[in-house]
Amino acid sequence: MNQAVERILISQEEIDAITTRLAAEIDRDYKDSDKRLVLLCVLKGSLVFTGDLMKKLTVPVEIDCMKVSSYGSSTESSGSVHIQLDLVRPDLPDCDVLIIEDIVDSGNTLTFLTNYLKAKGANSVKTCTLLDKPSRRRVPFEPDYRGVEIPDEFVIGYGLDYDERFRALPYIGILKPEVYGG
Ligand code: PRP
């Protein structure tokens, strides 16, 4: 185990089971749609989750990416969301967009992105998150597909970082407080 990790919160095997369940739910809901299903990976944290989830889907999917900033400092969410990499595709009215997130915290990012993509004309916009921290909500938000609820701990791995480190860990771990000065 990485020395910065206090304990493993969700193992590789558990992540695999969660993504398998989510993929089955998504397959079930989109299999009869005649629109293009676009998995929208929200960089950078959902990169690993998106890659694993797409491999488990049987419905045809396309991939796109956006990058937004939400965390003002390393451990706290800022209220505002800024687009750093936009989605540019003129066929959004023909697309069912499924936004893929690693984690929902305050809810600011997915509230913003859902409204933004609807305003840009997407046929439909839904959200899928691996992790959900409902205790941290600042705006009411419910993901359409939720992997697992987690407590208010600083989690890293499987795409999630602390100061750009630990994204490559294959599990979700709790960061030792001394690493971030907590
Ligand atoms: C994290 C995470 C979500 C967002 C969730 O991204 O990946 O996108 O914050 O927080 P919210 O619900 O409070 O909006 P971050 O800004 O840390 O960027 P990263 O994915 O590049 O690490």
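Everything discussed here concerns the structure shown above.
Residues numbered from 1 in each chain as written. Predicted model: local features only at pLDDT ≥ 70, side-chain atom pairs only at ≥ 80, totals over all residues. Heavy atoms only, no water.

A. Main features of the site of the ligand. As a structural note, the neighbourhood of the ligand is formed by 18 residues, with Gly-45, Glu-101, Asp-102, Ser-106 and Thr-109 the closest of them. Between the ligand and Gly-45, the relevant distance is 2.8 Å, taken from an oxygen atom to a main-chain nitrogen or oxygen of the residue. Arg-167 places a side-chain nitrogen or oxygen 3.1 Å from an oxygen atom of the ligand. Protein contacts shield 92% of the accessible area of the ligand, which totals 500 Å² for the unbound molecule. (Near = heavy atom within 4 Å. Polar contact = N/O pair within 3.5 Å; in protein donor to acceptor, adjacent residues only side chain to side chain. Areas by Shrake-Rupley, 256 points an atom, 1.4 Å probe, with all protein chains shown as cover.)

B. Here's a closer look at the sheet that holds strand S9 (residues 172-175). If you walk across this open sheet you meet the 3 strands as S1-S9-S8, and the pairing is antiparallel. Looking along the sheet, the strands with just one partner apiece sit at the ends: strand S1 (5-10) and strand S8 (155-156). As defined by bridge partners, S1 adjoins S9 across 4 bridges and the pair is classed as antiparallel. Looking at the pairing, Ile-8 lines up with Gly-173 of S9. Against the sheet, helix H1 (residues 12-30) contacts S1 and S9, and its axis sits at roughly 30° relative to S1. (Pairing = 2+ DSSP bridges. Helix = DSSP H or I, 4+ residues; strand = E, 2+ residues; numbered from the N terminus. Contact = heavy atoms within 4.5 Å. Axes fitted to C-alpha atoms, helices over the stretch in contact; angles between N-to-C directions.)

C. Fine view of helix H3 (residues 108-119). The terminal C-alpha atoms of H3 lie 16 Å apart, and with 12 residues this matches the ideal 16 Å at 1.5 Å per residue to within 8%. Along H3, the residues classified as buried are Asn-108, Thr-109, Leu-110, Leu-113, Thr-114, Tyr-116 and Leu-117. Of the residues one or two after H3, Gly-121 is the one with positive phi, at around 105°. (Expected span 1.5 Å × (residues − 1). Buried < 20%, exposed > 50% of the residue type's maximum accessible area, 1.4 Å probe, protein only.)

D. Local environment of the pattern of salt bridges. In this structure the tally under the stated criterion is 20 salt bridges. Between Lys-44 and Glu-164 there is a salt bridge, and its shortest N-O distance comes to 3.1 Å. With Lys-44 in the loop between strand S2 (36-43) and helix H2 (47-56) and Glu-164 in the loop between S8 and S9, the pair connects residues that are 120 residues apart, well separated along the chain. Classification of Lys-44 by relative accessible area gives partly exposed; the value is 36%. The shortest N-O distance in the salt bridge between Arg-89 and Asp-91 comes to 2.8 Å. With respect to burial, Arg-89 and Asp-91 carry one shared label: buried. Counted as one network, the salt bridges with shared partners bring together Arg-36, Glu-62, Asp-64, Arg-89 and Asp-91. (Salt bridge = Lys/Arg side-chain N within 4 Å of Asp/Glu carboxyl O.)

E. Expanded view of the layout of surface pockets. One number sums up the size of the second largest pocket: a volume of about 150 Å³. Across the lining of the second largest pocket, the residue classes break down as 5 nonpolar, 1 polar and 5 charged. (1 Å grid on protein atoms, 1.4 Å probe; cavity = no way out; pocket = protein on both sides within 12 Å on 5 of 7 lines; lining within 4 Å. Points joined across faces, edges and corners; volume = space filled by probe spheres on them. Nonpolar A, V, L, I, M, F, W, Y, C, P; charged D, E, K, R; others polar.)

F. The packing of H1 against H2, seen in detail. One way to put it is that H1 packs onto H2 with a least axis distance of 9 Å and a crossing angle of 55°. On the basis of the axis angle, H1 is oblique to H2. Seen from above, H1 lies across H2 with right-handed handedness. Contacts between H1 and H2 pair Asp-16, Thr-19, Thr-20, Leu-22, Ala-23, Ile-26 and Asp-27 from the former with Phe-49, Leu-53 and Lys-56 from the latter. (Parallel < 35°, antiparallel > 145°, perpendicular 65-115°, else oblique. Left-handed = near helix turned anticlockwise from the far one by under 90°.)

G. Molecular detail of the packing of aromatic side chains. Counted according to the given criterion, the structure contains 4 aromatic pairs. Measuring from ring centre to ring centre gives 5.0 Å for Phe-154 and Tyr-180, while their planes differ by 25°; the resulting arrangement is stacked. Placement of Phe-154 in the loop between strand S7 (145-149) and S8 and of Tyr-180 in helix H4 (residues 177-180) is noted, with a sequence separation of 26 residues between them. The class for Phe-154 is buried, based on a relative accessible area of 13%. Looking at Tyr-180, the relative accessible area reads 28%, which means it is partly exposed. Three or more aromatic residues joined by ring pairs make a cluster, and in this case those are Phe-154, Tyr-162 and Tyr-180. (Phe/Tyr/Trp six-rings, centres within 6.5 Å; stacked < 30°, edge-to-face > 60°.)

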